[in-house]
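Observations on the model geometry
The primary structure of each chain is shown beneath.
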Amino acid sequence: MGERRTSLVATLVLIGITACWGSTFFLIHDLVDRIPAVDFLAVRFSIAGVLLLVVAPKAVLRLSARARRQAVVLGGLYGVAQILQTAGLAHTPASVSGFITGMYVVATPLFAAVLLHNRITRMTWLAVLLAFAGLAVLTLDGFSIGYGEALTFVAAMLYALHIVGLGAWSNARDALGLAILQVVMVAVICLVASAPGGIVLPADRQDWLAVVYMAVFPAALALLGQTWAQAHLSATRTAIVMSMEPVFAAFFAVLFGGESFTLRMATGGAMVLAAMLLVEVGPRRKIEGEVPHIAV
């Protein structure tokens, strides 16, 4: 498969992943009324980890010691970010949370420049700022700085570091093992965080179905797909493509959540889509150089 075709497939995989993530917003909003958020994360990622280990038990064993350390670091970043984002959501409106979380779109190229010495071009910044402005139009409706916003901001920075680290360390050969170990690490962190108060399990069949769906698709398969895709895409391109998540969240909220379609949704979504198309249609060398693989 040629480099350009592989890049296109990786982009399509990321779009599918962001669609999966977007489909969870209205489900989580309903579910966390009955299950504490950290308990929900613990159950979700535990199921995802067990599923991946059952399907491919030898994948982790094939990883080198260095790759395992990298996966533990990446899983730690992702797990803490999940908890902070969920905790912040309890103290801030969902629209503001979505906007602040989307700051990883701006933070990712900054971290890539500082940590990996990537050259950030004008074309890159144009796409980044267009995606960020689209997120603001799509999600923001009033803004204030408080405890919840601060937690969410830290989570966004951790997501950006996760994207940068995954872009630097991922390769197609180790993608499955790296994904499994990351999911297991997230599950361990969430279980430790929820253990002191006891873990509350879903109470009925409908809640279990929702949790299992979110464990299989937006957790296990999504992290596997992201790990593979980032073996072929730079961190900044990944962040811009992943900024489609709020667009899909709005789409599913209208389709299944009973929300009304608005001009603001259309405008913000179009801006984010334009940013993604800019990095895909534009010449690769004008967007961002390849991310070097670094050791830990």
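As shown above, the structure is provided for reference.
Here's a quick rundown of the structure. Since this is a predicted model, take the numbers as computed values, not measurements. (Residues numbered from 1 in each chain as written. Predicted model: local features only at pLDDT ≥ 70, side-chain atom pairs only at ≥ 80, totals over all residues. Heavy atoms only, no water.)

**Quick word on the overall build of the protein chain**
Put simply, the test is: Helix and strand definitions follow DSSP, with helices as H or I runs of at least four residues and strands as E runs of at least two, each counted in order from the N terminus. Each radius of gyration is computed over the set of C-alpha atoms, and the globule rule expresses the reference value as 2.2 Å times the number of residues to the power 0.38. Burial classification: accessible surface area is computed with a 1.4 Å probe over protein chains only, and a residue below 20% of its type maximum counts as buried, one above 50% as exposed, and the rest as partly exposed. Note on contacts: a residue pair is in contact if any heavy atoms of the two residues lie within 4.5 Å.
Secondary structure summary: the protein chain contains 13 helices and 0 strands in total. Counted from the first residue to the last, the protein chain has its helices and strands arranged as α-α-α-α-α-α-α-α-α-α-α-α-α. Over its C-alpha atoms the protein chain spans a radius of gyration of 18 Å, differing by no more than 12% from the 19 Å that the globule rule assigns to 296 residues. By principal-axis analysis of the C-alpha atoms, the protein chain measures approximately 50 × 50 × 35 Å. In the protein chain, which comprises 296 residues, the share counted as buried stands at 52%. Here the analysis covers contacts within the protein chain between residues at least 6 apart in sequence; of these, 91% occur between residues at least 24 apart.

**Topic: the packing of helix α3 (residues 37-55) against helix α9 (residues 175-194)**
Using the following cut-off: Throughout, an axis means a line fitted to C-alpha atoms (over the contacting stretch in the case of helices), and angles, computed between N-to-C directions, take values from 0 to 180 degrees. Should an angle fall under 35 degrees it is taken as roughly parallel, and over 145 as roughly antiparallel, whereas 65 to 115 is taken as roughly perpendicular and any remaining angle as oblique. Handedness of a crossing is defined here by the sense of rotation of the near helix relative to the far one, left-handed for an anticlockwise turn of less than a right angle and right-handed for a clockwise turn.
Direction vectors running N to C along α3 and α9 enclose 150°, while the axes themselves pass 8 Å from each other. Classified by the angle their axes make, α3 and α9 are roughly antiparallel. For the element pair α3 and α9, the recorded crossing hand is left-handed. When α3 is examined against α9, the residues V38, D39, L41, A42, F45, S46, A48, G49, L52 and L53 are found in contact with a partner set consisting of A179, I180, V183, V184, V186, A187, C190, L191, A193 and S194.

**Considerations on helix α7 (residues 122-139)**
Convention followed: The span one expects for a helix is its residue count, reduced by one, times 1.5 Å. The arc in question is formed by the directions pointing from the helix axis toward the C-beta atoms.
Between the first and last C-alpha of α7 there are 26 Å, a value that for 18 residues agrees with the 26 Å anticipated at 1.5 Å per step. Along α7, the residues that are buried comprise T124, A127, V128, A131, G134, L135, L138 and T139. On an axial view of α7, the arc spanned by its buried residues comes to 125°, and they lie on one face. Exposed residues on α7 whose side chains face more than 90 degrees from its buried face are R122, L126 and L129.

**Some points on unusual backbone geometry**
Excluding glycine, residues mostly have negative phi values, and the peptide bonds linking residues are mostly trans. Backbone geometry at H117 places phi at a positive 60°, although glycine is not the residue there. Within the secondary structure layout, H117 lies in the loop between α6 (104-116) and α7. Owing to a relative accessible area of 68%, H117 belongs among the exposed residues under this scheme.

**A short note on the state of the cysteines**
The condition that has to hold: Counting rule for disulfides: a pair of cysteine sulfur atoms within 2.5 Å.
In this structure the tally under the stated criterion is 0 disulfides. Just so you know, C20 is unpaired, no disulfide at all, and the nearest cysteine sulfur is the one on C190, 19 Å from it. Given the relative accessible area of 0%, C190 is considered buried.

**Observations regarding a nonpolar patch on the surface**
The condition is simple: Within this analysis, patches are made of residues with over 30% relative accessible area and no salt bridge. Like charges are joined at 9 Å or less; nonpolar side chains (Val, Leu, Ile, Met, Phe, Trp, Tyr) at 5 Å or less. A 1.4 Å probe and the Shrake-Rupley method give the accessible areas. Residues count as covered only by the protein chains that appear here. Think of a salt bridge as a Lys or Arg side-chain nitrogen and an Asp or Glu carboxyl oxygen that are within 4 Å of each other.
Together, L191, I199, L201, W208 and V212 make up an exposed nonpolar region whose accessible area comes to about 390 Å². Along the chain, L201 falls in the loop between α9 and α10 (205-229).

**What to know about the side chain of E149**
The cut-off we apply is this: When charges are counted, neither His nor the chain ends are considered; positive counts come from Lys and Arg and negative counts from Asp and Glu. Under this definition, polar contacts are N or O atom pairs within 3.5 Å; protein pairs additionally need one hydrogen-donor-capable and one acceptor-capable atom, and for neighbouring residues in sequence, both atoms have to be side-chain atoms.
By the secondary structure assignment, E149 is in helix α8 (residues 147-169). Within the buried core, E149 has no salt-bridge partner, and the shortest N-O distance to an opposite charge, that of R264, equals 15 Å. Side-chain polar atoms of E149 contact the backbone nitrogen of G146, separated by 2.9 Å.

**Topic: the environment of A155**
With respect to the helices and strands, the residue A155 is situated in helix α8. The class for A155 is buried, based on a relative accessible area of 1%. Residues A155 and A215, 60 residues apart in the sequence, show an inter-C-alpha distance of 20 Å. Not counting residues up to four positions away in its chain, the partners in contact with A155 are A81, L84 and Q85.

**Topic: the packing of helix α4 (residues 65-89) against α8**
The line we're drawing: For this scheme, ten residues count as nonpolar: Ala, Val, Leu, Ile, Met, Phe, Trp, Tyr, Cys and Pro. Four count as charged, namely Asp, Glu, Lys and Arg, and the remainder, Gly too, count as polar.
Following both chains from N to C, one finds α4 and α8 inclined at 155°, their axes separated by 8 Å at the closest point. Comparing their axes, α8 and α4 come out roughly antiparallel. Judged by the sense of rotation from one axis to the other, the crossing of α4 with α8 is left-handed. Where α4 approaches α8, its residues Q70, V73, L74, L77, Y78, V80, A81, Q82, L84, Q85, A87 and G88 are matched on the opposing element by G148, L151, T152, V154, A155, L158, Y159, L161, H162, G165, L166 and W169. Classifying every residue of the contact of α4 with α8 by side-chain character gives 16 nonpolar, 8 polar and no charged.

**Comments concerning the packing of aromatic side chains**
Note the threshold: Put simply, two rings from Phe, Tyr or Trp (the six-membered ring, in Trp's case) pair if the centres are within 6.5 Å, and we call them stacked under 30 degrees between planes, edge-to-face over 60, tilted for the rest.
All told, the structure shown has 5 aromatic pairs when counted by the stated rule. Geometrically, the ring pair formed by F251 and F252 is edge-to-face, given 5.3 Å between the ring centres and 75° between the ring planes. Among the residues examined, F251 registers a relative accessible area of 46% and is labelled partly exposed. Judged by relative accessible area, which is 16%, F252 ranks as buried. With a centroid separation of 6.1 Å and an interplanar angle of 10°, the aromatic rings of F252 and F256 are classed as stacked. Relative accessible area serves as the criterion here: at 53%, F256 is assigned to the exposed category. Among the aromatic residues, ring-to-ring pairing joins F45, Y78 and Y159 into one connected group.

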